[in-house]
Amino acid sequence: RKIVKILFVRGNPRPNGVCALLGGRFLEGLQAAGAQVLDFDLREKKVGDCRGCFACSVGFDRRGKCVQTDDMAQALDFLDSADALVCLTPVYFYSMSAQLKRFFDRCFPFVRGYEFDESDGKMRNATQFLEPRKKFVSIGVSSGLSEDVFGGLTATFATIADSMNFEYSANITRGESAYFLVDNRSVRVRRVAEAFSRAGREFAETGAITPETLAETVAPFSRGKKSFAANAQVFWKLRHSGRI
């Protein structure tokens, strides 16, 4: 089905990095398909840490109210009725950025306890979204190889999606980000960037991303781990010298 309303949360602290580049291409695809998108860039927003005060759990309202008055209220209001949530983050110490973790912590007003699902024997959060069955897409970007660095982040995203009763539509794990800085004019790098735009458009149009497009977004650049390690050493020497 067509996805009409999407909250796109950017958890990348740097405004001009690879995460911003690929996230921007995905966003272009969403908008090209005509989706209503709230581009919620945490770098530009005032979002405080969750205080763990449980004030938002008081009362019997459908959704709790946080005592803090900051930009998170806009995201919560939009997410409540959104069809989908898309999250973008660099990999920091094998998990999401602090900015994105703060966003998820502040989603606690949607949680109204726990419930037991007899169909699979799992406990999940009891939530009462205006639009309850949301689709979820995660985009992670790392300088390392995908198979080595995304395990923790992927597991965390999967747990969040399951606990909030989101339909986990796609998990894009884009490694080898340095190639976008030193090889950005090559055909292979341009193809990956174009695949991100296509992925956004496909998701907004159908609620899914084709396996072919997903494969292109994560297509490897290196010829194995030894090749990657050698190239990475060159990159870091250039980085330390200030040439990148």
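Residues numbered from 1 in each chain as written. Predicted model: local features only at pLDDT ≥ 70, side-chain atom pairs only at ≥ 80, totals over all residues. Heavy atoms only, no water.

A separate point is the nonpolar core. In terms of nonpolar packing, the biggest core is built from 32 residues, with Leu7, Leu85, Leu100, Phe103 and Phe104 touching the most fellow members. In terms of residues, this core owes the most to one element, helix H2 (residues 72–81), which gives five residues. Phe103 has contacts with Leu7, Val9, Leu42, Met72, Ala75 and Leu85, leaving out every residue within four places of it along the chain. (Core = buried A, V, L, I, M, F, W, Y, C linked by side-chain atoms within 4.5 Å. Buried < 20%, exposed > 50% of the residue type's maximum accessible area, 1.4 Å probe, protein only. Helix = DSSP H or I, 4+ residues; strand = E, 2+ residues; numbered from the N terminus. Contact = heavy atoms within 4.5 Å.)

Turning our eyes to something else, we now look at helix H1 (residues 18–32). Between its first and last C-alpha, H1 extends 21 Å over 15 residues, near the 21 Å set by a 1.5 Å rise per residue. Among the residues of H1, those classed as buried are Val18, Cys19, Ala20, Leu22, Gly23, Gly24, Phe26, Leu27, Gly29 and Leu30. (Expected span 1.5 Å × (residues − 1).)

Bringing unusual backbone geometry into the picture now. Note: most residues except glycine have negative phi, and most peptide bonds are trans. Even without being a glycine, Phe93 presents a positive backbone phi close to 50°. With respect to the secondary-structure elements, Phe93 resides in the loop between strand E3 (84–90) and helix H3 (98–105). Owing to a relative accessible area of 81%, Phe93 belongs among the exposed residues under this scheme. Phi angles above zero are rare outside glycine, and Tyr94 is one such case at about 70°. The residue Tyr94 is located in the loop between E3 and H3 in this model.

Here we take up the side chain of Ser177. Inspection of the secondary structure puts Ser177 in the loop between strand E7 (167–174) and helix H6 (179–182). Contacts of Ser177, omitting those with residues within four sequence positions, involve Val18, Val141, Ser142 and Ser143.

On to the packing of H1 against helix H7 (residues 187–206). For the pair H1 and H7, the least separation of the axes is 6 Å and the interaxial angle reads 40°. As for the relative orientation of H1 and H7, their crossing is right-handed in sense. Between H1 and H7, the contacting residues are Leu22, Arg25, Phe26, Glu28, Gly29 and Leu30 on the first element and Ala193, Glu194, Phe196, Ser197, Ala199, Gly200, Arg201, Phe203 and Ala204 on the second. Taken together, the residues of the contact of H1 with H7 sort by class into eight nonpolar, three polar and four charged. (Axes fitted to C-alpha atoms, helices over the stretch in contact; angles between N-to-C directions. Left-handed = near helix turned anticlockwise from the far one by under 90°. Nonpolar A, V, L, I, M, F, W, Y, C, P; charged D, E, K, R; others polar.)

To continue, consider the environment of Ile139. Assignment of secondary structure puts Ile139 in strand E6 (residues 135–141). Taking relative accessible area as the criterion, Ile139 reaches 0% and is therefore assigned buried. Considered as a pair, Ile139 and Gly24 are 115 residues apart in the sequence and their alpha carbons are 12 Å apart. Those residues in contact with Ile139, other than ones at most four positions away along the chain, are Phe26, Val86, Cys87, Leu88, Thr89, Ile172 and Phe196.

Mapped onto the secondary structure, Thr173 falls in strand E7. For Thr173, the contacting residues outside a window of four places in its chain are Gly140, Ser146, Phe150, Thr154 and Val218.

A sheet is described by the order of its strands in space; here five strands give the open sequence E2-E1-E3-E6-E7, paired in parallel fashion. Whereas interior strands pair on both sides, the edge strands pair on one side only; in this sheet they are strand E2 (36–41) and E7. If you compare each strand with its neighbour and ignore which way they point, the axes differ by 15° on average. For strand E1 (residues 5–10) and E2, the ladder comprises six bridges, and the chain directions are parallel. When the sheet's bridge partners are listed, Val9 is paired in E2 with Phe40. Against the sheet, H2 touches E1, E2 and E3, its axis set at about 150° to E2. H7 rests against E1, E3, E6 and E7 of the sheet, and its axis sits at about 175° to E7. (Pairing = 2+ DSSP bridges.)

Attention now goes to the packing of aromatic side chains. In total, this model carries 11 aromatic pairs according to the counting rule given. Here the aromatic rings of Phe8 and Phe26 are separated by 6.4 Å at their centres, their planes lie at 15°, and the arrangement is stacked. A residue pair is termed long-range when its members are at least 10 positions apart, and Phe8 in strand E1 and Phe26 in helix H1 qualify at 18 residues. Taking relative accessible area as the criterion, Phe8 reaches 0% and is therefore assigned buried. Note on Phe26: relative accessible area 0%, which makes it buried. With a centroid separation of 5.1 Å and an interplanar angle of 50°, the aromatic rings of Tyr179 and Phe221 are classed as tilted. Of this pair, Tyr179 sits in helix H6 while Phe221 sits in the loop between helix H8 (211–217) and helix H9 (225–240), and the two are 42 residues apart along the sequence. (Phe/Tyr/Trp six-rings, centres within 6.5 Å; stacked < 30°, edge-to-face > 60°.)

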